[in-house]
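One letter stands for each residue in the lines below.
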Amino acid sequence: MLLLLLLQISASCLWLGRSEVVTSFESSCPQFFFRETPPNEALKPESPAWICQDYKNRYYFATLYDRKRRIPVYSAYLYQPGPGTRPKTWMVEPQLMGPTYPKTMEREWTLLNNFKASLEQLSESQAVLQDYKNLTGLNRGHLNPSGHHSNSSSRTATFTLTNIVPQNEKLNGGAWNNYEQQTMIKKTQGCKNTYVIVGAVPGNNYIAKGRVNKPSHIWSSACCEVDNNHRKTWAVIAENDKNEVQLLTLGELEDVLTRLYGRDQVSLFDSDCPRE
């Protein structure tokens, strides 16, 4: 009887600990970062939320979210591309409203109709579908793109508004798409595992009547394990009003982000990922 009670308590603790909005990535979903080391706090926003992106009770990537600007700071994932169709259903993050809501991402309609949440509550904590309607010259730009994932569930998990920023439509469909679909294939040749962190630098402009920030820059970085003793890295950055992508070393990107944020030196990966 005592053993049964202990098992029940243990199971309860594990369930309670598996929350989507978490206190740290290191304690909840470190697997999306090389050597379980997330970026340092130089990118941390004023009102952060650490999200282990949960779809159907499985974590697929990690996102540092800016509650105030209603955009992600960055998303981190493992690059594992595969064939498949592009999802169409957009979801939101219930636990940004509070821990009593579901820990898995849900469709906005489902959340409002089945969980007694109001649109006002939801829109206070994050971007909603209405914010991205009637855009001019902008798209819903993925940070973590669906095409970098190998199956239906992992691709669907990227279709959450906590992984989306207002992105210049020419950039999103042009030079950035070329980087995601062509350059990444070339760069990852010979890689056993490729860890990716892709982010957005907050800008001075907003959409949706001042609710959602339009980033000034979009950036991406990768650390590839060739084998146990060898790694290679690369990075890119793009201004969010030009159809151009600049290829950089990891060290160069960290220095550019340090200047753009004007804080401490940015570190995106563990020190064993080469900066040159």
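Remember, it's a predicted structure, so these values are computed and weren't measured experimentally.

**Description of unusual backbone geometry**
Phi at lysine 56 takes a positive value of approximately 55 degrees, unusual for a residue other than glycine. Its identity as a non-glycine residue notwithstanding, arginine 70 has a phi of 60 degrees, on the positive side. Classification of arginine 70 by relative accessible area gives buried; the value is 15%.

**Examining the layout of surface pockets**
If you add up the space inside the largest pocket, you get close to 240 Å³. Residue assignment for the lining of the largest pocket shows that the elements contributing at least two residues are strand 7 (138-142) and helix 7 (175-187). Considered class by class, the residues forming the lining of the largest pocket number two nonpolar, 10 polar and four charged.

**Considering the pattern of salt bridges**
As enumerated under the stated definition, the model contains eight salt bridges in all. Between aspartate 54 and lysine 103 there is a salt bridge, with its nearest N and O atoms 3.2 Å apart. You can see aspartate 54 sitting in strand 2 (residues 48-54) and its partner lysine 103 sitting in the loop between strand 5 (91-92) and strand 6 (106-107), a full 49 residues away along the chain. Taking relative accessible area as the criterion, aspartate 54 reaches 0% and is therefore assigned buried. Judged by its relative accessible area of 9%, lysine 103 falls in the buried class. Across the pair aspartate 66 and arginine 69 runs a salt bridge whose closest N-O atoms are separated by 2.7 Å.

Definitions and limits used
- Residues numbered from 1 in each chain as written.
- Predicted model: local features only at pLDDT ≥ 70, side-chain atom pairs only at ≥ 80, totals over all residues.
- Heavy atoms only, no water.
- Buried < 20%, exposed > 50% of the residue type's maximum accessible area, 1.4 Å probe, protein only.
- 1 Å grid on protein atoms, 1.4 Å probe; cavity = no way out; pocket = protein on both sides within 12 Å on 5 of 7 lines; lining within 4 Å.
- Points joined across faces, edges and corners; volume = space filled by probe spheres on them.
- Helix = DSSP H or I, 4+ residues; strand = E, 2+ residues; numbered from the N terminus.
- Nonpolar A, V, L, I, M, F, W, Y, C, P; charged D, E, K, R; others polar.
- Salt bridge = Lys/Arg side-chain N within 4 Å of Asp/Glu carboxyl O.

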